[in-house]
Each structure stands twice: as C-alpha cells, then as structure tokens.
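Observations on the model geometry
Residue-level listing of the chains:
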Amino acid sequence: MRFLQIVTFYPKYLQDFYARFPDALHASYDEQIDRLVADGFGGGHLVAPYMPTVGYESRLIIGNCLPAQARWARENGMQPPTSVAEMQALVARQIEQFHPDVLYVLDPVGYDGRFLRTLRHKPHLTVGWRAATIPSGVDWSDFDLMLSSDEGCRQRALALGARAVAPFRPGFPSALAHAVADVPKRWDIVFCGQVSGEHGRRLRHLTTVGRACRAGGDRVLPGFFLGLSDVPGVPPEVAAYDRGSVWGLPMYQAVRSGRIGLNFHIDMATTRAQNMRVLETTGCGTFLLTEDSPQLAEQFVVGREVETYRDDAEMLEKLQHYLSHPDECAAIARRGQERCLADHAMERRAIELDGIVRRHLTVAKHQTIRPSDTDRLAADALARFREGCLPESRALAGKALLVQPNRSDMLHLSGLLARREGRLTDASTLIVRALAAAPNAPDRWSFLANLGAVLSDAGKIEEAVAAYTRAEELSAMAVLPYTRGQLLQRIGRLTEAGEAYWRTLSIEPTHSGARAALESLPSEARAEPSEEMVLTRAFPGVTFGKGVQCIGIANTRIGAGSCVADDSWLNVCLRGAEVRLSIGRNVLIGRRAVLAPGTFLEIGDFTVLAPNVYLASGEHQYKGNHLRPLYSTGIVDHGSLIVEENCWFGINSVACGGIEIGRGSVIGANAVLRDNVPPFSVVVGAPARIVRMFNPMSEVWEHVHTPEDLKRIEADRHRKPLPSRKDYAAMLHASNAGGLDPIVAGREQHLF
C-alpha cells in the first residue's frame, strides 16, 4: 500500500537549513529530502520515513521547499515553479505520479478541500492532522479522517466537514537522542519555541522566569531560544535572555544543553499534554517541567519521569528545588527519556497510524472489496505489469493489499514496481515482507532472486550474493549461479566466481555467458573443480564418502551436519528448475544407498539409513515397453515420497511410490514399503506391516497383532495427540545431540 505525506516547513527554517548546508542546493531531490529529515525539523510529525517498517511504500513531500521541489521538477522534465500556485500544481503532479492509496496532509489549511478536489488521482483514504489555530473559511469536506492530539481541534474538524476524527499524537525520532547525547549542559533553564499573538500565556510565564533570574543576580542562567529580533513589544526580562532562533538539529542540541526544559502550550490548546516539546525535551534527555494536565498521565508518570506546575509560584518553586538537587533532576530526566524512547518513538507512531488507517479504510471506502475479489485483482495487477502498464498494476496491487495486507505475490509485485521507480529501500522492504508472508511458497526462489537484484542495484553486493545463494537452494535455474558469479567477480572473489560459473554449466552446459565469463578469469580461478570439490562446495557442512555420485546437484538440497557414505547414488530422475531431492540436517545416508526421486523425495532431520537402503518415487516404465530396452522407456513418476524426522531404515530396506513415512518410525531390515506408515511405528516384512506403535497414553511401544490393536492405539492417539512434525523437529534440535561424526561416511578411515 502506498503512503504519501505532505508537509510544509517554516520558511525561516528552510532558509536556515540551506544557509548551513549550501551544498544541498545542488543535491538530488531524494538526497535533499533525506537530509532535511535527518536534520530533525518537525521530526515528531514526519511519519512517512517510518511507514515502510509496517509495510507501506512511502514518500514525503515538503510542499513549500522550493530548492527540493525545483529539483524534482527538473528531474521529471518540468519547469521549476515560480509562484505559490505553481508550487501547489507541482504537488498535485507529484501525487498523481506516486498514486498513493493513503494521502496524509500535515498542512490541511494550505492543502484543504479546494486543493484536494483538483486532484485527478483520488486516494483511497485522505487524512489530515491539525493541533493549532484553524483559520476561518477552511474546507475539510474532502478529508475522510482528521487526526489531532487536541480534543478541541477534533470537534472543530467535524464542523468543517471531515467525515471522521481520531486522536493521534506526535512522536520522537529516536536517532536524535543519539545525535545529541554528547552535548554538555550549559543552561540551567532552556526553552526553544516561538512567541506570537497565539502565545500570550507562554510569554507571561517566560517573563516570570526572566524576572526571577534577574532578581537573583543571574545565579541561574536561562537560555531562551526565541529569535525575537523582529517581534515587537517583548518584555525586557525575556529579551535579555534570548539566545536567538535555532532550527533542526541545533534546536535539539539546545534542548539537550539545558538542565531543565520548560514547556508552555499554545493558547488555543484544550489538551495541555500534546505538543511536540513534551517529547522533544524528554527524548533529548532533559528534565521536563510542563503545565499540569490530566492527559499527561497517559504518557508519563508525573514526579518520576516528568514534573508539572499549576501556576507561576509552583513553577518557580520547582525550578529552584530541582536546580538545587541535580541528582534528583538527572534521575527524572533519565527516566523520562527511557519512557519517551520506549513508548513514543516514531516507530511506535507508525504502528499506531497503520492501525488507524486500516480501520478507517475498512469502514469507509473499501467494504465493497471482498476477499474473493483479490485473486482477480492480483491476476489483473500481474497482467498489467507484464504489459508495462505500471500505474494500473500499482493501483490494482494496492487494492488487493488493502483486503489482504500480507498477500505475498502482491507484496512481491509492489517491490518490483518500487525497483522500477528507483525506490530501492522500499523495494527491499516489500520483498522481505513477501518472503516472511510466504515461507513455503513455490516461487520463493524468485522473491529471493529479485531481492538480490534490488540489493545489487543498491550496491550491497555481499547481501545480494547471499540472496542469490538462498535462491539457488530452492531452484535449479541456471541464471541464479550465473548472476551470483557475476556479483562475486565484481567484488574480486574470483575463485568463488569460477565455481559459480561451473555450477551454471552443470545445469546448462551450453550457457555461453558462463563460458565467456570463465575465460575472462585468471587461470587459477577458472580451473574446473574436482568431483569431491563439486560436492563439498555445493553442499557446505556435509561429509561425503568415496565414490558418491549425485546426478542432479542443482535439484538436490542436503542440510548441514549430514553424512553421505561410500558409494551412495543420488539419482534425480526428473530435472527442471525445482528441488527434487531434499535431505535434512544431521541425516546419515548409509553405504551404497540409492535415492531416486520423481517429483519429490524428502528425508527429514536426524533420519538414519543403514547400508543398501533404496528409496524411490520414480521408476522405469516397463508396461507396454517389453520390446524396448528399459533404460530408454522413460520414468513412471509416483509423486512425492516423504520420510519425516528421526526415522531408522534397516539394511536392505526399500520404500517406493508416493507414500509418507511418519516421524520417529523404524523400518525393519529387508522390509518393502508401498503404503503410508503412521508416525512412531515399527514395520517389518515384504510387504511391510505394522508390528508396534507408540501409545502416548501408556507411553509404551505396544504390539500390534490385530486390526483392533491398531484401532485402539489410534483412538488413544486421538485422545492424547502426538507432537506435530514441526514440534517434534524442534524437540530433536533442542536436545543438543550435535551432528554426525564424519567418520560414518567411510572414506577408508579407521578408529583404534
């Protein structure tokens, strides 16, 4: 789902920022936005940078930032704006290009309903935020939802036409706490903010503090960061301690430099526990002394994490007390910062806003989209993507995700769209979410391959190599090791690159790109690996005996800690791009074993195969072919043969066909299996029959002599269920049994 936030910054701040960082004027649009966000101005409101952590594609527009907006216009083949009207028109173009599902307007006065009605793209949900004076004539009838930390503003929003309101507070960017951590304490009392006609109460409190400091002979040193040079009628008790205006990161440094940070709300506020200064002060690790308010207790513990006052006399009394008790003051400041970073960080606000958005989307506009519609939407989104119709594809994928937020194919598609648009951070976040949403998806390998491509685009080559390596574990596509080889060659890991190209050729012998790439490597890096090296490098952490043959390495997966003993034959009957043979961790494949998968053969963790065991889900096609050599008649595919965890196959035992052998079972010597085996069973004979089963009620391996014995034990298992396959595997790994001793693989090794 796409999230776009529009903000306006104080013009004085923007002037200050580009004066401090003149090189930013020549930076790209994205770099300018990133640097403005990092500087921290209005950081408690800038939720867009954090929305990708909850699954959104997100973007921020600073509508009145002329240098950044002009750069965006040039980068998109447009003339830079030269007037307010052109600035707004440019914002409208940005909205249309990004195509957001959710539009979040932090300046609903400058971008009210009259602006929203000019948009050709109508977001699914339009949200505003306001906690300040609302001028007359504002039209909020096109806002689906208006957020505010102030109850009075929320009631006013409904009167102005907003369809719904909800409480929502600013947060604190935790990175700023680290950025100012080393700033020394310089001022006894600090206040950073504005003084205007909307701040009469603030000016009276500051005058009281300034007058008390003067009366005390300036033994207490206040730092008021107000910038009063162009403000008329300011009392001298305040002007004397004005240290000038500070913006962005210097403002947070100024807050940190005070032992006590004062806070006063705007006059119109009905909820005096909601302005940004509450969190800016505590987040920077400075003691907060703020106006008393019942709502403050929802955020902090008064007297332990922050302190309050009810009038001027109590304010002066507490200033004197805590300046006289610095250890107590510092302890409250420390606890206040801990609470701020734990409960009010921007990451938490992103989670809260996501919940608000999804609730209102469901209630408002998208209750007509049913879960049954999402398959059609997803199919259409993929079709439009293949046709190159990216805006249409994005819109359809966004609708599907509104109903099924964790739908992996649409998260993956959204990641591909983000990559096409150069938004690599969003792309990787979305694809990682797709992987988490579908841990067993058949196309998981393609998710990993595309993640590798995004990481490569971003210059994160080591991480890209890791992603392609994981993709190779799930698919036998030649493009995967070939691409991995190219990445390894880029970073100078030439021997590994050569091995990747040889792996490519083992899958696709005519791959011209891999041949050419090998020729470009130095001779020592392009040497063909020996058979033993092929196996040990293809399956790291696995021990192989002598004479082991694997036909279909690319279709085989073997877990770490396993051993494949002398003269075993792993013969993948069907190839393609899929994994056909999957051997788990800490598995022993005994001497002269034969494993012959058709569609799929799986051997679970900790399973032990004695010598001469034969497991096959594919076999020769003999029916109707008696006049032809059997080796030329093709394969009968019986589907999947599944051996669950911790099974034991006796010597010369055989299992064929599309069957399942349950966890913890024992297959007797010379047994021949053609049917399913329940978990925790002992089978013997040809054809095999069950002779014992574990009864969880008696906790005994009981004999099975008759069908009635079998039914009785199965009934007991129903009353007291056995551990699931997943739980049983976890128990086995928790036992800390360790891996197999490599000597069991053979290799003509001896012990005395």
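Residues numbered from 1 in each chain as written. Predicted model: local features only at pLDDT ≥ 70, side-chain atom pairs only at ≥ 80, totals over all residues. Heavy atoms only, no water.

**Considering the overall build of the chain**
- When its secondary structure is counted, the chain shows 26 helices and 33 strands.
- Taking the principal axes of its C-alpha atoms as reference, the chain extends roughly 110 × 65 × 55 Å.
- Taking contacts inside the chain between residues at least 6 apart in sequence as the whole, the part at least 24 apart equals 54%.
- Total accessible area on the chain is roughly 33500 Å²; 53% of this is exposed by carbon and sulfur atoms. (Helix = DSSP H or I, 4+ residues; strand = E, 2+ residues; numbered from the N terminus. Contact = heavy atoms within 4.5 Å. Areas by Shrake-Rupley, 256 points an atom, 1.4 Å probe, with all protein chains shown as cover.)

**Let's talk about the confidence of the model for the chain**
- Mean pLDDT over the chain works out to 89, with 95% of the residues at or above the 70 mark.
- Contacts of residues 269-273 to residues separated by more than four positions or lying in other chains number 20 contacts, the stretch itself having pLDDT below 50. (pLDDT = per-residue confidence, 0-100.)

**Section: the state of the cysteines**
- This structure, assessed with the given rule, holds 0 disulfides.
- In this structure Cys213 is not part of a disulfide, and its nearest cysteine sulfur, from Cys329, lies 15 Å away.
- Given a relative accessible area of 6%, Cys213 falls into the buried group.
- This cysteine, Cys340, is not joined by any disulfide, and Cys284 carries the nearest cysteine sulfur, 8.5 Å off.
- Using a relative accessible area of 0% as the deciding quantity, one classes Cys340 as buried. (Disulfide = S-S within 2.5 Å. Buried < 20%, exposed > 50% of the residue type's maximum accessible area, 1.4 Å probe, protein only.)

**Observations regarding the sheet that holds strand E13 (residues 549-551)**
- Overall, parallel pairing links the 6 strands, which are arranged E13-E16-E19-E22-E27-E30 in an open sheet. Of all the strands in the sheet, the pair left with one neighbour each is E13 and strand E30 (672-673).
- Two elements, strand E16 (residues 569-571) and strand E19 (residues 594-596), share 2 bridges in a ladder whose sense is parallel. If you follow Trp569 over to E19, its bridge partner there is Val594. (Pairing = 2+ DSSP bridges.)

**Points about the pairing of strand E7 (residues 187-192)**
- Burial analysis of E7 places 6 of its 6 residues in the buried class, the great majority of the element.
- The pairing of E7 with strand E9 (residues 258-262) spans 3 bridges and is parallel. Note that in E9 the partner of Trp187 across the bridge is Gly258.
- Pairing between E7 and strand E8 (residues 222-225): 4 bridges, direction parallel.

**Details of the sheet that holds strand E3 (residues 102-105)**
- With parallel pairing, 6 strands are arranged side by side in an open sheet as E2-E1-E3-E4-E5-E6. The open sheet terminates on both sides in strands that have one partner only, identified here as strand E2 (57-62) and strand E6 (165-167). Across the sheet, the mean angle from the axis of one strand to that of its neighbour is 20°, orientation sign disregarded.
- The strands that helix H4 (residues 84-98) touches are strand E1 (2-7), E2 and E3; relative to E1, the one it contacts most, it runs at about 170°. (Axes fitted to C-alpha atoms, helices over the stretch in contact; angles between N-to-C directions.)

**Observations concerning the packing of aromatic side chains**
- Across all of its chains, the model carries 23 aromatic pairs by this definition.
- With centroids separated by 6.0 Å and ring planes inclined at 50°, the aromatic side chains of Phe3 and Tyr104 adopt a geometry described as tilted. Pair noted here: Phe3 is in strand E1 and Tyr104 is in strand E3, with a separation of 101 residues, a long-range link.
- Among the residues examined, Phe3 registers a relative accessible area of 1% and is labelled buried.
- Between Phe539 and Phe544 the ring centres are 6.0 Å apart and the planes differ by 45°, which places this aromatic pair in the tilted class. Residues Phe539 and Phe544 agree in their burial class; the two are buried.
- Every member of this aromatic cluster is reached through a ring pair, and the members are Phe9, Tyr10, Tyr13, Phe17, Tyr18, Phe21, Phe41 and Trp247.
- Here Arg2 stacks its cationic end above the ring of Phe98, 4.4 Å away from the centre of that ring. (Phe/Tyr/Trp six-rings, centres within 6.5 Å; stacked < 30°, edge-to-face > 60°. Lys NZ or Arg CZ within 6 Å of the ring centre and 35° of its normal.)

**Topic: the side chain of Thr290**
- Positionally, Thr290 belongs in strand E10 (residues 287-291).
- Once residues lying within four places of it in the same chain are set aside, the contact partners of Thr290 are Asn263, His265, Leu296, Glu307, Thr308 and Tyr309.

**Structural notes on the packing of helix H22 (residues 494-507) against helix H23 (residues 512-520)**
- Where H22 contacts H23, the two axes come as close as 9 Å, and the packing angle between them is 155°. Considered as vectors, H22 and H23 are oriented roughly antiparallel to each other. Between H22 and H23 lies a crossing whose hand is left-handed. Two secondary-structure elements touch here, H22 through Gly498, Tyr501, Trp502, Thr504 and Leu505 and H23 through Ala514, Arg515, Ala517 and Leu518.
- Split into classes, the residues belonging to the contact of H22 with H23 amount to 6 nonpolar, 2 polar and 1 charged. (Parallel < 35°, antiparallel > 145°, perpendicular 65-115°, else oblique. Left-handed = near helix turned anticlockwise from the far one by under 90°. Nonpolar A, V, L, I, M, F, W, Y, C, P; charged D, E, K, R; others polar.)

**A closer look at the nonpolar core**
- Counting residues in each nonpolar core, the largest one holds 70 residues, and the members touching the most others are Phe3, Tyr104, Leu147 and Leu353.
- Examining the composition of this core, we find that 6 residues originate from one element, helix H14 (residues 346-363), more than from any other.
- When sequence neighbours within four positions are dropped, the list of residues in contact with Leu353 reads Phe3, Val47, Met51, Tyr104, Leu147 and Phe168.
- Ala378, Ala418, Leu430 and Val465 belong to the second largest nonpolar core, which has 46 residues in total. (Core = buried A, V, L, I, M, F, W, Y, C linked by side-chain atoms within 4.5 Å.)

**Some thoughts on the packing of helix H12 (residues 312-324) against helix H13 (residues 326-343)**
- Two elements in contact, H12 and H13, have axes separated by 5 Å at closest approach and are oriented at 100°. Compared by their axis directions, H12 and H13 come out roughly perpendicular. Of the residues in H13, those in contact with His321, Tyr322, Leu323 and Ser324 of H12 are Pro326, Glu328, Cys329 and Ile332.
- Tallied by class, residues from the contact of H12 with H13 come to 5 nonpolar, 2 polar and 1 charged.

**Side note on the side chain of Glu280**
- Relative to the assigned elements, Glu280 resides in helix H11 (residues 276-283).
- Arg277 provides the closest opposite charge to the buried, unpaired Glu280, separated from it by 5.1 Å.
- Apart from the residues lying within four places of it in its own chain, the contact partners of Glu280 are Phe172, Met251, Tyr252 and Val255. (Lys, Arg positive; Asp, Glu negative; His and termini not counted. Salt bridge = Lys/Arg side-chain N within 4 Å of Asp/Glu carboxyl O.)

**Section: the pattern of salt bridges**
- Going through the model one piece at a time under the given rule, you end up with 44 salt bridges.
- Here Arg169 ties to Glu298 by a salt bridge, and the two come within 2.6 Å at their closest N and O atoms. Residue Arg169 is located in the loop between E6 and helix H7 (174-179), and its partner Glu298 is located in the loop between E10 and strand E11 (307-309); the two are separated by 129 residues in the primary sequence.
- Between Arg339 and Asp343 there is a salt bridge, with the nearest N and O atoms lying 2.6 Å from each other. Note that Arg339 and Asp343 are positioned in helix H13 at a spacing of 4 residues, about one turn of the helix.
- Linked through salt bridges whose partners overlap, the residues forming this network are Arg2, Glu57, Arg394, Glu421, Arg423 and Asp426.

**Digging into the pairing of strand E25 (residues 640-643)**
- Of the strand pairs in this sheet, strand E20 (residues 600-603) and E25 are connected by 4 bridges, and their pairing is parallel. Directly across from Leu601, in E25, lies its bridge partner Leu641.
- As paired elements, E25 and strand E28 (residues 660-661) share 2 bridges and run parallel to each other. In the strand pairing of E28, Ile642 is matched with Glu660.

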